[in-house]
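Structural description and commentary
Listed below are the residues making up each chain.
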Amino acid sequence: MRLFFEFFAVLFNSIKDIAPIMVILIGFQVLVLRKPIANLQRLVIGFLAVLLGLTLFIQGLELALFPLGELMAAELTDPAFIAHSTGYHGDQWQAYIWVYLFAAALGFATTLAEPSLIAVAGKAEQISAGGIDALGLRLAVAIGVAFGIALGTYRIVTGMDLWIFIISGYVIVLIQTSYAPKMIIGLAYDSGGVTTSTVTVPLVTALGLGLATSVPNRNPIVDGFGLIAFASLFPIMTVLGYAQLAEWRSRSK
C-alpha cells in the first residue's frame, strides 16, 4: 500500500515537471505556427508513455539505485573490511583501494550502457562514414569516466578541494584542444555531457553521498557532490587523446 501511494505521489510530480514542456510545444504549434497538431492520438500515447516511464524510473531510483550505491559505499568503507582486505587504517587513503576500483568499474560499466552515449557514438560513425568508430568512441569515454570517478572518490577520501582538480583538468583540456583534430573537438566536448545522463548519474551520486557519509570527518553536502563533474571532464580528455593517437598512427603509416 505504501508503494502504491508513493507511485501516485511521484506520478503527480512528474505531471508537474512535464506539463510546462507540453504547454510550450503545443502553444508554439497552435499559436505561432498556426497549424493543427499532426497525429494527435500518437502524440497523446507518447506523452502518456513518457509520463509513465519517468515515474517508474524515478521510483526505481529511490527504491533500488540510490540505496544500492549508498550500501556499497558503506560496506566498502567498513573498518572491519578495510582492516581485513588492505591492512591499512581508515585514516589512510590507501585503505580505500577497493572503493577506487569499485568506482572505476562502476563508471566504466554504466557509461558503456548509457543510451545517450550510444546514440551520439552511432551518429558520429554514420556522419563520418566510418571515420569515427562508435565502439572506440564509447570505450574512450568509458575509460575517461572510470578514471574520473575513481579520482573523485580519492578526493572525497582525502578531503582535497574540488576546484584544484577541476581547474587543472580544464587547463589540460585547453592544451589538448589546441593540438587535437578539429573534427573531433565538438564531439569530445559533447561526449563529456552525454555521460551525465539516466544511467550514470543516479549511481554515481549515490556512491558519492554514501562515501562522504561513511568516511570519517567528511560532510555529505561539502564532499558528497562533485563526482558528476569528474564524470563530465575526464571523458573530454580521453576522447581528445583518442583522436590525437589515431591521427598520429595514421601519419606514421
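Residues numbered from 1 in each chain as written. Predicted model: local features only at pLDDT ≥ 70, side-chain atom pairs only at ≥ 80, totals over all residues. Heavy atoms only, no water.

Before going further, it helps to examine helix H11 (residues 227–252). Three- or four-residue spacings in an α-helix give side chains the same orientation, since the helix completes a turn every 3.6 residues. With 26 residues, H11 ought to run about 38 Å at 1.5 Å a step, and its terminal C-alpha atoms sit 38 Å apart, in line with that. Looking at the buried residues of H11, the elements they touch are helix H6 (134–158), helix H7 (162–179), helix H8 (182–194) and helix H9 (200–214). (Helix = DSSP H or I, 4+ residues; strand = E, 2+ residues; numbered from the N terminus. Expected span 1.5 Å × (residues − 1). Contact = heavy atoms within 4.5 Å.)

If you look at the biggest cluster of nonpolar residues, it comprises 46 residues, and the most contacted ones within it are Tyr 96, Leu 137, Ile 149, Ile 184, Leu 211, Val 239 and Leu 240. The greatest single-element share of this core, amounting to 10 residues, is contributed by H11. Other than its neighbours up to four places away in sequence, Ile 149 contacts Ala 103, Gly 107, Val 204, Leu 207, Leu 227, Phe 230 and Ala 231. In terms of nonpolar packing, the next biggest core, distinct from the first, is built from 5 residues, Phe 7, Leu 11, Ile 18 and Leu 51 among them. (Core = buried A, V, L, I, M, F, W, Y, C linked by side-chain atoms within 4.5 Å. Buried < 20%, exposed > 50% of the residue type's maximum accessible area, 1.4 Å probe, protein only.)

Glancing now at the confidence of the model for the protein. With 99% of its residues at a pLDDT of 70 or more, the protein shows a mean pLDDT of 85. Of all the helices and strands in the protein, helix H3 (residues 79–85) carries the lowest mean pLDDT, 82, while H7 carries the highest, 93. (pLDDT = per-residue confidence, 0-100.)

In this structure the tally under the stated criterion is 6 aromatic pairs. Taking the centre distance of 5.7 Å and the plane angle of 85° together, the rings of Trp 93 and Tyr 154 count as edge-to-face. Of this pair, Trp 93 sits in the loop between H3 and helix H4 (97–112) while Tyr 154 sits in helix H6; the two residues are 61 residues apart in sequence, bridging distant segments of the chain. By relative accessible area, which is 42% here, Trp 93 ends up partly exposed. Seen in terms of ring centroids, Phe 147 and Phe 234 are 5.3 Å apart; in terms of plane orientation they differ by 65°. Their pairing is edge-to-face. Of this pair, Phe 147 sits in helix H6 while Phe 234 sits in helix H11; the two residues are 87 residues apart in sequence, bridging distant segments of the chain. (Phe/Tyr/Trp six-rings, centres within 6.5 Å; stacked < 30°, edge-to-face > 60°.)

All right, on to the environment of Gln 126 then. Within the secondary structure layout, Gln 126 lies in helix H5 (residues 115–127). A relative accessible area of 57% places Gln 126 in the exposed class. It is 29 Å that separates the C-alpha atoms of Gln 126 and Phe 47, two residues lying 79 residues apart in sequence.

The next thing to look at is the layout of surface pockets. Its boundaries defined by the atoms lining it, the largest pocket holds a volume of some 180 Å³. Every residue lining the largest pocket is listed: Gly 131, Ile 132, Asp 133, Pro 181, Met 183, Ile 184, Tyr 242, Ala 243, Ala 246 and Glu 247. Looking at the lining of the largest pocket, the elements with two or more residues in it are H8 and H11. A per-element tally of the lining of the largest pocket places H11 first, with 4 residues. A per-class count over the lining of the largest pocket returns 7 nonpolar, 1 polar and 2 charged. (1 Å grid on protein atoms, 1.4 Å probe; cavity = no way out; pocket = protein on both sides within 12 Å on 5 of 7 lines; lining within 4 Å. Points joined across faces, edges and corners; volume = space filled by probe spheres on them. Nonpolar A, V, L, I, M, F, W, Y, C, P; charged D, E, K, R; others polar.)

Once that is clear, we can look at unusual backbone geometry. The backbone of Asn 217 sits at a positive phi, close to 65°, despite the residue not being glycine. With respect to the helices and strands, Asn 217 occurs in the loop between H9 and helix H10 (220–223).

On to the side chain of Ser 191. Relative to the helices and strands, Ser 191 is located in helix H8. Among the residues examined, Ser 191 registers a relative accessible area of 0% and is labelled buried. Within the structure, the side chain of Ser 191 is placed 2.7 Å from the backbone oxygen of Leu 187, a separation counted as a polar contact. Ignoring sequence-local partners within four residues, the contact set of Ser 191 consists of Leu 137, Val 141, Pro 235 and Val 239. (Polar contact = N/O pair within 3.5 Å; in protein donor to acceptor, adjacent residues only side chain to side chain.)

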